[in-house]
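Here are the chains, one letter per residue:
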Amino acid sequence: MRIAVLILGLLLCAALRASDLPAGAIQISADQIPWKEGPPSLPKGSKVAVLEGNPGKSGIFTLRVRAPAGARVAAHTHPKPERVTIISGAVGVGFGDYYDQTKLRVFRTGDYYLTPPGIPHFLSFAEDSVVQITGNGPWLVTPVSPCTLQAFHSRPQTAYPEGSASGTHEFF
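Pulling in residues and values, what's your account of the overall build of the protein chain?
Summing up its helical and strand segments, the protein chain has 2 helices and 12 strands in all. Scored against the burial criterion, the 172 residues of the protein chain give a buried share of 38%. Restricting the contact set of the protein chain to residue pairs at least 6 apart, pairs at least 24 apart contribute 69%. Summed over its atoms, the accessible surface of the protein chain is roughly 9800 Å², and 58% of this surface lies on carbon and sulfur atoms.

Explain the environment of Ser129 to me, using residue names and the numbers behind them.
Positionally, Ser129 belongs in strand β10 (residues 129-137). By relative accessible area, which is 1% here, Ser129 ends up buried. Each C-alpha atom of the pair Ser129 and Ile87 lies 7.5 Å from the other, and the pair is 42 residues apart in sequence. In contact with Ser129, not counting residues within four places along its chain, are Val65, Arg66, Ala67, Ser88, Gly89, Ala90 and Val91.

Hey, could you go over the sheet that holds strand β3 (residues 59-67) for me, with residue numbers and the actual values?
As summarised here, the arrangement of the 6 strands in space is β1-β2-β3-β10-β5-β8, forming an open sheet in which the pairing is antiparallel. On the outer flanks of this sheet lie β1 (36-37) and β8 (112-115), each paired with one strand and no other. Relative to β3, strand β2 (residues 47-52) runs antiparallel, the two being bridged by 5 bridges. Pairing of Lys47 across the sheet is with Arg66, part of β3.

Run through the environment of Ser88, naming residues and quoting values.
Residue position: Ser88 is located in strand β5 (residues 82-88). For Ser88, a relative accessible area of 27% translates into the label partly exposed. Excluding residues that lie within four positions of it along the chain, Ser88 makes contacts with Thr109, Asp128, Ser129 and Val130.

Cut-offs applied
Residues numbered from 1 in each chain as written. Predicted model: local features only at pLDDT ≥ 70, side-chain atom pairs only at ≥ 80, totals over all residues. Heavy atoms only, no water. Helix = DSSP H or I, 4+ residues; strand = E, 2+ residues; numbered from the N terminus. Buried < 20%, exposed > 50% of the residue type's maximum accessible area, 1.4 Å probe, protein only. Contact = heavy atoms within 4.5 Å. Areas by Shrake-Rupley, 256 points an atom, 1.4 Å probe, with all protein chains shown as cover. Pairing = 2+ DSSP bridges.

These values are about where atoms sit, not about what they do.
Structural data, given as structure tokens:
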């Protein structure tokens, strides 16, 4: 009986400590990340999870993107710096106004890169990958060229669906 009471007391203390986070603290276990379908600016089959903030509003945000192997994102820009950490997988990043496999640099688990605002870049996911992006909202994706994207539409898992290849797109 004493052991049962002791175990119950320890469990109660642990539960109270877990819910006793300071205001503004965020703690998310990897198995509890709230994955949702990715927006049209991401390749088919992508998932996204916002961990902090709101990418559609002013202020800092952190989100994760899970992209399937073979997915590609055509050349685009962002109005603010894009800070990316590779959580898992392999992500090719290249700079230029159109997708060019020969310009890709592959980043792997634990790697980090920053793309300055207004710099055209494109992506390729060699394997199932998860990246974490931290930035300042509102987060926007601006395709470099509708002509470049139209040629890209015929390829599988392209980031920009038919009819959305021009103008700036909100990420959310």
